[in-house]
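# Structural features, examined
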Amino acid sequence: MSQQFYRAIVVGGSSGIGRELVLQLAASGCQVASVARRTEPSGENIRTYAHDVTDFAAVPALFQQICLDLGGLDLIIYASGVMPSVGPDEFCFEKDKQMVDVNILGAVAWCNEAAQRFGQSGGGTIVGIGSVAGDRGRAPKPVYGASKAFFESYLESLRNRVGTKGVRVVTIKPGPTDTPMAAEHVGKKLPAAEAARQILAAARAGRRVVYVPGILKYVFAIIRALPSPIMQRLKF
Amino acid sequence: MSCVLPKDRVERVGAWGMNTHTTSYVFRPTTIAGIKEALEAARQSGRFVALRGSGCSYGDASLGAENVVLDITRMNRILSWDPVKGIAECEPGVTIKQLWQYTLGDGWWPYVVSGTMFPTLAGAAAMNIHGKNNFRVGTIGDHILEFELLTADGEFHTCSREQNSELFHAAIGGFGMLGVFTRIKIELKKVYSGHLRVTPIGVQNWREMFAEFDKHLVDSDYLVGWVDCFGAGEACGRGQIHRADYLKLGEDTIPAQTLQVAHQELPDTLFGLLPKSIMWKFIQPFTNNLGMRAINALKYLSSVTLTQGKVHDVTHAGFAFLLDYVPGWKYAYLPGGLIQYQSFIPKETAEKCFTEQLALCQKRGIVPYLGVFKRHRTDPFLMTHSVDGYSFALDFKVTKKNRAKVWALAAELDALVLAAGGRFYFAKDSTLHPSRLQSYLAEERVQTFQALKRQLDPEGLFQTDLYRRIFGGGGR
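These numbers come from a predicted model, not from an experiment.

From N to C terminus, chain B includes 16 helices and 20 strands. For chain B, the spread of C-alpha atoms along the three principal axes comes to 65 × 55 × 45 Å. Restricting the contact set of chain B to residue pairs at least 6 apart, pairs at least 24 apart contribute 73%.

Set out below in structure tokens:
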């Protein structure tokens, strides 16, 4: 059954896919809280909250405040993520730590709040933006891929924890998308607006794991099945 | 940033009519200290406190979305009971069920009970509930002798007709806006049997309904009318009246037996076979216009033929708690739930107003599945809903599709009620809006109440979603 969202939080709503999600939700009449360092975007039905997702201690109070301001909560989307460019021979702890902080710890800080609330109140939808990069340990992006693999495994656990209490947990695995984060990516990219549209459709339908675009489901089924020695040769 | 509220208190809190669901921080204290702790938690985090008993109000009268809900149901001890005078002193969370089950063996029944036995005394006092005998004995407030109220400043006020009389008459019916009832002393009625003598009277239209009520008003103890809301034209207002009377001393030859709680118990099966707890699943297929038209018509037909005038004895519980007779019947209204629209109209304008109300519902194609008609009298409580006249309660099914239409219809009904000089009842309300209530809000008594609230609760600690909807909240 298609779910209607009336009140939503988008963490990482100022740019990329998150920004598109905020705009599309707001356009559908949903009250949206856009949480990001920059207070963007602006518009009808949108409230912005300045917040750095690595300020973990601030999350519980901010989460409660947003729920109060919105008058409730039906949906949370964690769309924050960083992917600094990492050279083929680079092993930079600073960059790696940043990815762990934003992609993992920030996600856990926010989704824990939502999962507890939704579990106790018996309803709600949690959407996590993972990545196809989480499907295999690929050579170019060791920590980025691992951070997304963490997030997806964590989301699966949440689903198994609170799914029976009426909470839907949706894991999104986008491929290359036309966002500032993937600016350096060469090759075909899905427009961010289209990615957001597909993500919201998956959220409304309450699906479990969704590749964006859908075709990647089959592509990555093959990639996941590739034997390790071949992955090592391909280095893609 | 405000202080964080305990996450483990987050709960889903719904309206009794299942038409609204909210998420709140629910505190269930067992002591006065626990109440104060909840008030402090709300204050620290900049939230308001919605007082809640058993949550039997149809709409948002005990809801506080994203705020603190103070649920007093665990403070449920009967502190003292005088079986000679029939006076009980109770903690606020004692339910009507607890009370009558405690006192009936001694031959006492509460003067005023609602259609379900689950409300708490605090909730009943806050809403100043009435029963099917409102015209005879008044509201529950008329039988509360004394109470203790904890106000937002942490002070306790002992109130009765003699002491703090203004607060006594404002807090009863004050829908939880002035403070927390912490102790309630209530008088009960002496009964000489566990039975009531019931006379069913079928009526063909509003004219007969009003005429029969007038006829029986002088000497009956209870009067309630059921209305088939599908009846139109000459048949508008058709239905059935139940008159019930207490048995006098000696009329019941085995009172020791009929006054036992076990004797009062509502049967849990139908025809000794079907478990009633699953009945709602069988009702569900009929909760649509066609099914309900048929059920109402059948009930009407049987009331003017089979049961007409057949006097019989019924237990107090069986007569009073019709809403509990088929447990969980309201689930037949899932998923959208139901609202009840109940208006109280002075006797001079009531017949015309109720006729117009039904005609309007039928014209809009949104016909109530249940209509209940009662007689009322005035009482001395500041925010009372009661009038010297009649009330008509309409149950509307709510669906995702018709929700906006039902609310629009309610707005049209409001206009009829206000034009007829009528009143509304917060325990039932889901739809009132300040834009239509200027004349009501401007009433002197409402202004007096608001002034009293500002004085006792200047920071606006006690609020509910209903209060904010109708009075605009304020404060925090």
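Further remarks concern the sheet that holds strand β2 (residues 31-36) of chain A. Adjacent strands of a sheet pair through backbone hydrogen bonds, lying either parallel or antiparallel. All names here are of chain A. On the basis of which strands lie adjacent, the open sheet formed by seven strands has the order β3-β2-β1-β4-β5-β6-β9 and parallel pairing. The open sheet is flanked by β3 (46-50) and β9 (209-212), the only strands paired with a single partner. The mean inter-strand angle of the sheet, taken between neighbouring strand axes irrespective of direction, is 20 degrees. This element, helix α4 (residues 142-162), spans β5 (124-129) and β6 (167-174) of the sheet and lies at about 160 degrees to β6.

All right, on to the interface of chain A and chain B then. Note on interface size: it is often stated as the accessible area lost on association of the parts. With 13 residues of chain A at the interface, the matching set in chain B holds twelve residues. Taken together, the elements giving at least two residues each to the side of chain A that touches chain B come down to α2 (59-70) and α3 (93-121) of chain A. With six residues, the single largest contributor to the side of chain A that touches chain B is α2(A). A per-class count over the side of chain A that touches chain B returns four nonpolar, eight polar and one charged.

All right, on to α2(A) then. Residue and element names in this part refer to chain A. Taking 1.5 Å of rise per residue, the twelve residues of α2 would be expected to cover 16 Å, and the 16 Å separating its terminal C-alpha atoms lies within 8% of that figure. Restricting attention to buried positions, one finds in α2 the residues V59, L62, F63, Q64, I66, C67 and L70. Taken together, the buried residues of α2 touch β1 (7-11), β2, β3 and α3. Just beyond α2, the residue with positive phi is G71, at close to 80 degrees.

Residues and elements named next belong to chain B. The strand order across the open sheet formed by eight strands is β16-β11-β13-β12-β18-β19-β17-β20, and the pairing between neighbours is antiparallel. Each having just a single partner strand, β16 (312-315) and β20 (423-424) make up the two edges of the open sheet. Across the sheet, helix α12 (residues 350-364) is in contact with β17 (338-346) and β19 (389-397); its angle to β19 comes to roughly 10 degrees.

On to the environment of M292(B), then. Residues and elements named next belong to chain B. Looking at where M292 falls in the secondary structure, it is placed in helix α10 (residues 289-304). Here M292 falls in the buried class, since 21 other C-beta atoms lie within 10 Å of it. Considering only alpha carbons, one finds M292 and P368, 76 residues apart in sequence, at a separation of 9.0 Å. Ignoring any residue separated from it by four or fewer positions in sequence, one finds M292 in contact with F286, T287 and Y369.

Here we take up the nonpolar core. Core analysis: the biggest nonpolar cluster contains 131 residues, and A38(B), V49(B), V68(B), L70(B), A125(B) and I184(B) have the highest contact counts within it. Setting aside its immediate chain neighbours within four residues, L70(B) contacts F27(B), I35(B), A38(B), V49(B), L51(B), R52(B) and V180(B). Core analysis: the next-biggest nonpolar cluster, separate from the first, contains 65 residues, W110(A), Y144(A), I172(A) and I199(A) among them.

Quick look at the pairing of β17(B) now. Residue and element names in this part refer to chain B. In terms of residue burial, β17 counts as a mostly covered element, since eight of its nine residues are buried. Note that β17 and β19 share nine bridges and pair antiparallel. When the sheet's bridge partners are listed, F344 is paired in β19 with S391. Looking at chain direction, β17 and β20 are connected through two bridges and run antiparallel. Paired with S343 across the two strands is F424, which belongs to β20.

Residue and element names in this part refer to chain B. Where α12 meets helix α13 (residues 403-419), the axes come as close as 10 Å, and the angle between the chain directions of the two elements is 160 degrees. Of the possible angle classes, the one that applies to α12 and α13 is roughly antiparallel. The crossing of α12 and α13 is right-handed. Contacts between α12 and α13 involve C353, E356, Q357, L360, C361 and R364 from the former and L409, E412, L413, L416 and V417 from the latter. The residue inventory of the contact of α12 with α13, partitioned by class, reads seven nonpolar, one polar and three charged.

What follows covers the confidence of the model for chain B. In the predicted model, chain B carries a mean pLDDT of 95, and the fraction of residues at 70 or more is 99%. ipTM for the predicted complex: 0.91, alongside a pTM of 0.94.

The subject of this paragraph is unusual backbone geometry. Between E40(A) and the following residue, P41(A), the backbone shows a cis peptide bond with an omega angle of -15 degrees. Mapped onto the elements of the fold, P41(A) is located in the loop between β2 and β3. Each neighbour pair has its own omega, and for L334(B) with P335(B) the value is 5 degrees, a cis peptide bond. Relative to the helices and strands, P335(B) is located in the loop between α11 (316-320) and β17. Phi angles above zero are rare outside glycine, and E66(B) is one such case at about 65 degrees.

Residues and elements named next belong to chain A. Contact geometry for helix α1 (residues 16-27) and helix α5 (residues 192-205): axes closest at 8 Å, N-to-C directions at 60 degrees. Handedness of the crossing formed by α1 with α5: right-handed. Contacts between α1 and α5 involve G16, I17, E20, L21, Q24 and L25 from the first element and A192, A193, A195, A196, R197, I199 and L200 from the second. By residue class, the composition of the contact of α1 with α5 is nine nonpolar, two polar and two charged.

Quick notes on the rules
Residues numbered from 1 in each chain as written. Chains lettered and ligands numbered in written order. Predicted model: local features only at pLDDT ≥ 70, side-chain atom pairs only at ≥ 80, totals over all residues. Helix = DSSP H or I, 4+ residues; strand = E, 2+ residues; numbered from the N terminus. Contact = placed C-beta atoms within 7 Å. Pairing = 2+ DSSP bridges. Axes fitted to C-alpha atoms, helices over the stretch in contact; angles between N-to-C directions. Nonpolar A, V, L, I, M, F, W, Y, C, P; charged D, E, K, R; others polar. Expected span 1.5 Å × (residues − 1). Buried ≥ 20, exposed ≤ 12 C-beta atoms within 10 Å, placed from the backbone. Core = buried A, V, L, I, M, F, W, Y, C linked by C-beta atoms within 7 Å. Parallel < 35°, antiparallel > 145°, perpendicular 65-115°, else oblique. Left-handed = near helix turned anticlockwise from the far one by under 90°. pLDDT = per-residue confidence, 0-100.

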